Every structure is written in structure tokens, then in C-alpha cells.
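Read off the chains here:
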Amino acid sequence: MDIDIKVTGVIAEMTHPEAIHPAGSGFLLKIGFFLNDTLKVIGEDGKVIKTQRCYEQKILTRYSTQIRDASYVEQLAYRTLHENMDMDPQAAKKAKAEVARTIMNKMESARYDDPSIWNICLEIRVECTIEINDEEVGEPNGEHGCNRLLERLGDDDCAICHEEFNSTKHIVVTTCHHTYHRSCLFKWFSHGTHTCPTCRSDLAPVAGLPIKF
Ligand SMILES: [Zn+2]
Ligand SMILES: [Zn+2]
């Protein structure tokens, strides 16, 4: 199993207090986590035989006084990615330090630029690619693990084109747990709609647009 992690952080919004904020509560931090999990199954010849993407998002709200130190933020990152967003535990372990570092750095630089800032909305995107061998498919790796991506394939068909999933096409599992061909979903987005074709959930971050705080 090969795990590759990329983390990016962007300050989406900073606002000043509308009223005097409670003394000692620090500033309000909203962290929008967006996880893009990619699973690649590699065949005997070293070629990718299956690619699946799975997206999850979550927004956390904390006061800066609740953010105690780097190890606390690491724990928060691990819990959010693994327990709330179903990221593979090994991948979440690998990602947590970088996610925590990104959060701490962005918080510091926002406050450095303007110490009177009261609300900070911070967007953290985590891209995780897991490569597994064909033989590893089906091996137990915990409740979450990468096999959950394969399980999601199930006996579904694509809710856009109604064709059964063919293993060679890219499959996308959305944050609302609906499953589509990647090409079908992005064709749908190209009409300017960024909601799920099945349940109308907001899929703007899946289409590469910012998280709505
Ligand atoms: Zn389709
Ligand atoms: Zn949906």
C-alpha cells in the first residue's frame, strides 16, 4: 500500500468583530476540511486497473483559545480526517502533522497581518492517493480503510447515465455518498450546476470551487 498526501490551506475569509467579543475567548476559527481520496488499484503489469475518488467535507468551529498547541491540532486533524471523514487510518496518521502545521501557520499569518481579526474561515484541502495491488483488494484494513471505496461500488449504476459501473472507468463517490462516473458528473457541472444530481447537496468543492462557510 502506497500513500501520497498533499495538503493546501487557504484563508477564505477574515472579518472584524461586529460587537465587542467576549474577553479571553480569542478569535473564532472556522476550518473547512475537504478530503479528496483517490484509490488506485494496480494490476500485475503495474498499470492502474481501477480509479475511484471519494470526497468528504466538514466544517469545524473553534475559538483560538481552544487550540492549545501543535499536538492538540494534530489530534484534531486526525480525529476529523479519520473518524468524521472516513479517511484510511494510516493515511490520516500520515496527513495529521502536515494538516496541523498548515492550520497553525495560517492562523499565525492571519493574526500577524491584522491582530484585530475576529473571524477566520480557513479552507484545508487534503488530497490523498492510495495505491494498492490487485491482490491486496479485499484484505481487511479496518472499518474505514481503502476497501470502503471499493465497497461503495456495490451493485449501483451511475445515476446520471444509468449504465452499470465498468471497472476501467473513473468512479466518483460524492460527499453525500452518491456514486457517478467521473465524466458524467463533470459534464453535469459544466452546465453550471454544482449540486448533486440525486440529492441536490452542494458539490461546489468537488468541482474545485471554494467551500461555502
Ligand atoms: Zn455515468
Ligand atoms: Zn447526493
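Rules of the game
Residues numbered from 1 in each chain as written. Chains lettered and ligands numbered in written order. Predicted model: local features only at pLDDT ≥ 70, side-chain atom pairs only at ≥ 80, totals over all residues. Heavy atoms only, no water. Helix = DSSP H or I, 4+ residues; strand = E, 2+ residues; numbered from the N terminus. Buried < 20%, exposed > 50% of the residue type's maximum accessible area, 1.4 Å probe, protein only. Contact = heavy atoms within 4.5 Å. Areas by Shrake-Rupley, 256 points an atom, 1.4 Å probe, with all protein chains shown as cover. Donors = N, O, S within 2.8 Å, 3.2 Å for Na, K, Ca; no water. Tetrahedral: all angles 85-135°; square planar, octahedral: opposite > 155°, others 65-115°. Salt bridge = Lys/Arg side-chain N within 4 Å of Asp/Glu carboxyl O. Pairing = 2+ DSSP bridges. Axes fitted to C-alpha atoms, helices over the stretch in contact; angles between N-to-C directions. Parallel < 35°, antiparallel > 145°, perpendicular 65-115°, else oblique. Left-handed = near helix turned anticlockwise from the far one by under 90°. Nonpolar A, V, L, I, M, F, W, Y, C, P; charged D, E, K, R; others polar. Arc of directions from axis to C-beta. Core = buried A, V, L, I, M, F, W, Y, C linked by side-chain atoms within 4.5 Å. Polar contact = N/O pair within 3.5 Å; in protein donor to acceptor, adjacent residues only side chain to side chain.

1. Some words on the overall build of the protein
Thinking step 1. Within the protein, the secondary structure is distributed over 4 helices and 6 strands.
Thinking step 2. Overall, the protein shows an N-to-C arrangement of helices and strands of β-β-β-α-α-β-α-β-β-α.
Thinking step 3. The buried share of the protein, taken over its 213 residues, is 42%.
Thinking step 4. Sequence-distant contacts in the protein: of pairs separated by 6 or more residues, those separated by 24 or more amount to 65%.
Thinking step 5. Total accessible area computed for the protein in this model is approximately 11,200 Å², and 47% of it derives from carbon and sulfur atoms.

2. Some words on the coordination of the zinc ion (ligand 1)
Thinking step 1. Surrounding the zinc ion (ligand 1) are the protein donor atoms Cys158 (SG), Cys161 (SG), His181 (ND1) and Cys184 (SG), which sit 2.1 to 2.4 Å from the metal.
Thinking step 2. One can describe the site at the zinc ion (ligand 1) as tetrahedral: its 4 donor atoms subtend angles covering 96 to 119 degrees at the metal.

3. Regarding the pattern of salt bridges
Should their charged atoms come close, side chains of opposite charge can pair.
Thinking step 1. This model, assessed by the stated rule, comprises 3 salt bridges.
Thinking step 2. Across the pair Asp4 and Lys6 runs a salt bridge whose closest N-O atoms are separated by 3.8 Å.
Thinking step 3. Residue Asp202 pairs with Lys212 through a salt bridge whose shortest N-O separation is 3.4 Å. Taken together, the residues span a long stretch of sequence, with Asp202 in the segment after helix H4 (182-189) and Lys212 in the segment after H4 at a distance of 10 residues.

4. Points about the coordination of the zinc ion (ligand 2)
Thinking step 1. Bound to the zinc ion (ligand 2) are the protein donor atoms Cys176 (SG), His178 (ND1), Cys196 (SG) and Cys199 (SG), situated 2.1 to 2.3 Å from the metal.
Thinking step 2. Classification of the site at the zinc ion (ligand 2) as tetrahedral follows from its 4 donor atoms and the range of 103 to 114 degrees in their angles at the metal.
Thinking step 3. Of note, the donors binding the zinc ion (ligand 2) are all from one chain and are spaced C-x1-H-x17-C-x2-C. Note that His178 is positioned in the loop between strand E5 (171-173) and strand E6 (179-181) and Cys199 in the segment after H4, a separation of 21 residues in sequence.

5. A few points about the pairing of strand E2 (residues 28-42)
Thinking step 1. Summarising burial for E2: 13 of the 15 residues are buried, a large majority.
Thinking step 2. In the sheet, E2 pairs with strand E3 (residues 48-63) via 15 bridges, with the strands oriented antiparallel. For Leu28, the partnering residue across the bridge sits in E3 and is Tyr63.
Thinking step 3. Here E2 folds back onto E3, and the loop between the two strands holds 5 residues, one of which, Gly46, carries a positive phi near 85 degrees.

6. Here we look at the packing of helix H1 (residues 70-84) against helix H2 (residues 89-113)
Thinking step 1. Look at H1 against H2: their axes get within 8 Å of each other, and the N-to-C directions meet at 135 degrees. On the basis of their axis angle, the class for H1 and H2 is oblique. Along this stretch, H1 crosses H2, giving a crossing that reads as right-handed. Residues Ala70, Val73, Glu74, Ala77, Tyr78, Leu81 and His82 of H1 pack against Pro89, Ala92, Lys93, Ala95, Lys96, Ala97, Val99, Ala100, Ile103 and Met104 of H2.
Thinking step 2. When grouped by side-chain class, the residues that make up the contact of H1 with H2 number 13 nonpolar, 1 polar and 3 charged.

7. Topic: H4
Thinking step 1. All of the buried residues in H4 are Cys184, Leu185 and Phe189. In an axial view of H4, the angular spread of the buried residues amounts to 140 degrees, which keeps them on one side of the axis.
Thinking step 2. Buried residues along H4 sit in contact with E5 and E6.

8. As for the environment of Cys184
Thinking step 1. For Cys184, the location among the structural elements is in helix H4.
Thinking step 2. For the pair Cys184 and Ala159, spaced 25 residues apart in the sequence, the C-alpha separation amounts to 9.1 Å.
Thinking step 3. If sequence neighbours within four positions are ignored, Cys184 has contacts with Cys158, Ile160 and Cys161.

9. With respect to the nonpolar core
Buried together is how nonpolar side chains tend to be arranged in soluble globular proteins.
Thinking step 1. Formed by 35 residues in total, the largest nonpolar core has its most connected members in Met87, Val99, Ile103 and Val126.
Thinking step 2. Breaking this core down by element, the ones donating at least two residues are strand E1 (2-15), E2, H1, H2 and strand E4 (119-133).
Thinking step 3. The element that contributes the greatest number of residues to this core is H2, accounting for 8 residues.
Thinking step 4. If you look at the next biggest cluster of nonpolar residues, it comprises 15 residues, including Cys158, Tyr180, Phe189 and Leu203.

10. Quick word on the side chain of Thr38
Thinking step 1. Here Thr38 lies in strand E2.
Thinking step 2. For Thr38, a relative accessible area of 7% puts it in the buried group.
Thinking step 3. A distance of 3.3 Å separates polar atoms of two side chains, one belonging to Thr38 and the other to Arg53.
Thinking step 4. Discounting chain neighbours no more than four positions away, the residues touching Thr38 are Thr51, Gln52, Arg53, Cys128, Thr129 and Ile130.

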